[in-house]
Amino acid sequence: MEATAAWPEADGTSAGPPASGAPLVSTVPAPAAHPGASAAPPSPPASAPKKAGRDRYLDLLRTLALIRVVIYHLFGWAWLTVLFPSMGVMFALAGSLMARSLKRPALGVIRGRVRRLLPPLWVFSAVMLAMMFAAGWNISEDPDNGGTWGMIELFNYVVPIGAPPFPWSIGDKSGLLEQTWAVQSAGVLWYLRAYLWFVIASPLLLWAFRRAPWPTLLAPLGLTAVVGTGLVTIPGETGNAISDFAVYGGCWVLGFAHHEGMMQKLPRYAVVSCSALLMAFGLWWASGHLGPDGWDLNDIPLAQATWSFGFVVILLQYSPSWQELPGRLKRWDRLVTLSNSRAMTIYLWHNLLIMATVPILDQLYNLPFMDDQLVGVLDTTYMLWMFLLVWPLIGLAIISVGWIEDLAAKRSPQLWPDGSASKHTQPQTRKRAHRA
């Protein structure tokens, strides 16, 4: 299972690279003016620093990662994990945001992150549990999750400190959804567990990074070499949680490095060269440890960790820190704004919505004009129609439940936050400020 999410900050900004340095100010006193000399004209005021705002380059990366995850979960193309390791990218973006936020008291930052995480999760959990119980799931009789412990684990649908229970097979083959729909829908919640534990650990990780940056940055890769290669095996969900923390911990700490300006201080040629070597090692390791889906790096922890780490380093090393999307990318501005405003909604619901396309498209077979030829065409292009249909369904989810993200972040709820409303109100706001 693959997943992404790095939620925007409550104040509507994203982390960007820090300024390379402050302008030098002369400390030599100016000579006294000659009594007969005329007063020198006043020097022009220094230009005000740029107003802090969203880093549109990072926003674009987050949008690309979300789109890639939806496509991956729909088509299952293993090579997409190599083309764009979206999970590593999103963990790095989240780490950068977290480092910036930790300028404030840590407890308040963690509380704010948890507050923005839980309400959208509660709505999704309520729908999932209602569907599973309605389909006949009895957790007390589930051989994988039964008993008292299974009942206790239901708490993970409320606060994702662990993996929530769900049936591996539910319903029947003739039902509306395939029998693995619960696994595919609720299984993505593992990422929220990883995200929550990264948030909780961030104050300590950032403290360690500022005192020993290189050991803190590289330690997760070393831990992955131990727990992600079979050298040390930790069974159960505890092992999965430790493996996730190790595989993506390096990317999370890379977000710290990006925020602190560490990579900008290093020679670019050296950074890119070392990253390329690390990525090459990841591909070499993957070639000898292919899983059931071939080159799917999600099944090869050490390859995933090293490839994602090197990929993220290069992306952040070349980070241009755009205040707005340049050139032809401007046409995608509203899409980028919408996807970043509703990243959690898209992530939580996309897998369930992918499966919801099947019973909808199956209705086409019942149309009166469907002959054998048209049925054959539909069979051949079925995945394409799923791809085209899932995006309107995601749009409906954004309208239906996306506004819960606003309430969780203590913002005014919006049905479609693509930035167009604020652009329309900007001139009027400036005019009122001018009058004041």
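Report on the accompanying structure. (Residues numbered from 1 in each chain as written. Predicted model: local features only at pLDDT ≥ 70, side-chain atom pairs only at ≥ 80, totals over all residues. Heavy atoms only, no water.)

### Here's the deal with the overall build of the protein chain
Tallying secondary structure elements over the protein chain gives 17 helices and zero strands in all. Burial statistics for the protein chain: of 436 residues in total, 47% are counted as buried. Put simply, of all contacts in the protein chain between residues at least 6 apart along the chain, 78% involve residues at least 24 apart. Working note: accessible area of the protein chain is about 22600 Å², and carbon and sulfur atoms make up 67% of it. (Helix = DSSP H or I, 4+ residues; strand = E, 2+ residues; numbered from the N terminus. Buried < 20%, exposed > 50% of the residue type's maximum accessible area, 1.4 Å probe, protein only. Contact = heavy atoms within 4.5 Å. Areas by Shrake-Rupley, 256 points an atom, 1.4 Å probe, with all protein chains shown as cover.)

### Notes on unusual backbone geometry
Positive phi, normally seen in glycine, also occurs at S321, with a value near 55°. Examined against the element boundaries, S321 turns out to sit in the loop between α11 (301-317) and α12 (333-341). At K410, a residue that is not glycine, the phi angle is positive and equals roughly 60°. Mapped onto the elements of the fold, K410 is located in the loop between α16 (403-408) and α17 (420-435).

### Quick notes on the pattern of salt bridges
Counted by the stated rule, this structure contains eleven salt bridges. Residues R342 and D406 are paired through a salt bridge, measuring 2.6 Å at the closest nitrogen-oxygen approach. Linking R342 in the loop between α12 and α13 (343-362) with D406 in helix α16, this pair joins segments that are 64 residues apart in sequence. When sorted by exposure, R342 lands in the same class as D406, which is buried. Counted as one network, the salt bridges with shared partners bring together R54, R56, D59, R62 and D333. (Salt bridge = Lys/Arg side-chain N within 4 Å of Asp/Glu carboxyl O.)

### Overview of the packing of aromatic side chains
According to the stated counting rule, one finds 24 aromatic pairs in the structure shown. An angle of 65° between the planes, with centres 5.3 Å apart, marks the rings of F91 and F198 as edge-to-face. Taken as a pair, F91 in helix α3 (residues 86-101) and F198 in helix α7 (residues 190-211) lie far apart in primary sequence, 107 residues in all. Given the relative accessible area of 0%, F91 is considered buried. An angle of 40° between the planes, with centres 5.7 Å apart, marks the rings of F281 and W284 as tilted. Taken together, the residues F281 and W284, both in helix α10 (residues 268-287) and three residues apart, mark about one turn of the helix. (Phe/Tyr/Trp six-rings, centres within 6.5 Å; stacked < 30°, edge-to-face > 60°.)

### Describing the packing of helix α1 (residues 56-75) against helix α15 (residues 382-401)
Where α1 contacts α15, the two axes come as close as 11 Å, and the packing angle between them is 135°. Compared by their axis directions, α1 and α15 come out oblique. In this structure, α1 meets α15 at a crossing whose hand is right-handed. Together, I67, V70, I71, L74 and F75 of α1 and M383, M386, F387, V390, W391 and I394 of α15 make up the contact between the two elements. Looking at the contact of α1 with α15 residue by residue, the classes come out as eleven nonpolar, no polar and no charged. (Axes fitted to C-alpha atoms, helices over the stretch in contact; angles between N-to-C directions. Parallel < 35°, antiparallel > 145°, perpendicular 65-115°, else oblique. Left-handed = near helix turned anticlockwise from the far one by under 90°. Nonpolar A, V, L, I, M, F, W, Y, C, P; charged D, E, K, R; others polar.)

### With respect to the nonpolar core
Membership of the largest hydrophobic core comes to 104 residues, with the highest contact counts inside it found for M132 and W252. Residues within four places of W252 in sequence aside, it is in contact with F91, A92, A94, G95, M98, Y195, F198, V199, S202 and L205. (Core = buried A, V, L, I, M, F, W, Y, C linked by side-chain atoms within 4.5 Å.)

### Notes on helix α9 (residues 236-260)
Under the 1.5 Å per step criterion, the end-to-end length of α9 is 36 Å for 25 residues, consistent within 8% with the ideal 36 Å. When the local axis directions of α9 are compared, the greatest deviation, roughly 45°, occurs at Y248. Just beyond α9, the residue with positive phi is G261, at close to 75°. (Expected span 1.5 Å × (residues − 1). Bend = angle between axes of the 7 residues up to and from the residue.)

### Remarks on the environment of Y382
Position of Y382 among the secondary structure elements: in helix α15. The exposure class of Y382 is buried, given its relative accessible area of 12%. Along the primary structure Y382 and D362 are separated by 20 residues, whereas in three dimensions their C-alpha atoms are 9.5 Å apart. Contact partners of Y382, with chain neighbours within four places excluded, come to V358, L361, D362 and Y365. At 2.7 Å, the side chain of Y382 and the side chain of D362 are in polar contact. (Polar contact = N/O pair within 3.5 Å; in protein donor to acceptor, adjacent residues only side chain to side chain.)

### What about the side chain of S125?
Secondary-structure assignment places S125 in helix α4 (residues 106-134). The exposure class of S125 is buried, given its relative accessible area of 4%. There is a polar contact of 2.8 Å between the side chain of S125 and the backbone oxygen of Y157.

### Thoughts on the environment of D406
Judged by its relative accessible area of 3%, D406 falls in the buried class. Taking C-alpha positions, D406 is 8.7 Å from S341, a pair spaced 65 residues apart along the chain. In this structure D406 touches R342, R411, S412, P413 and Q414, once residues within four positions along its chain are discounted.

### Comments concerning the environment of W122
With respect to the element layout, W122 can be found in helix α4. Residues W122 and V159 lie 37 residues apart in sequence; the distance between their C-alpha atoms is 8.7 Å. Contacts of W122, omitting those with residues within four sequence positions, involve Y157 and V158.

### Some words on the packing of α1 against α12
Following both chains from N to C, one finds α1 and α12 inclined at 75°, their axes separated by 9 Å at the closest point. Here α1 is positioned roughly perpendicular relative to α12, judged by the angle of their axes. Residues R56, D59, L60, R62, T63 and L66 of α1 form the contact with α12, whose participating residues are D333, V336, T337, S339 and N340.

### Comments concerning α10
With 20 residues, α10 ought to run about 28 Å at 1.5 Å a step, and its terminal C-alpha atoms sit 28 Å apart, in line with that. Among the residues of α10, those classed as buried are V271, S275, M279, G282, W285 and A286. The buried residues of α10 occupy an angular sector of 120° when projected down its axis, which confines them to one face. Counted as exposed and oriented over 90 degrees from the buried face of α10: Y269, C274, L277 and W284. Buried residues belonging to α10 abut α11. (Arc of directions from axis to C-beta.)

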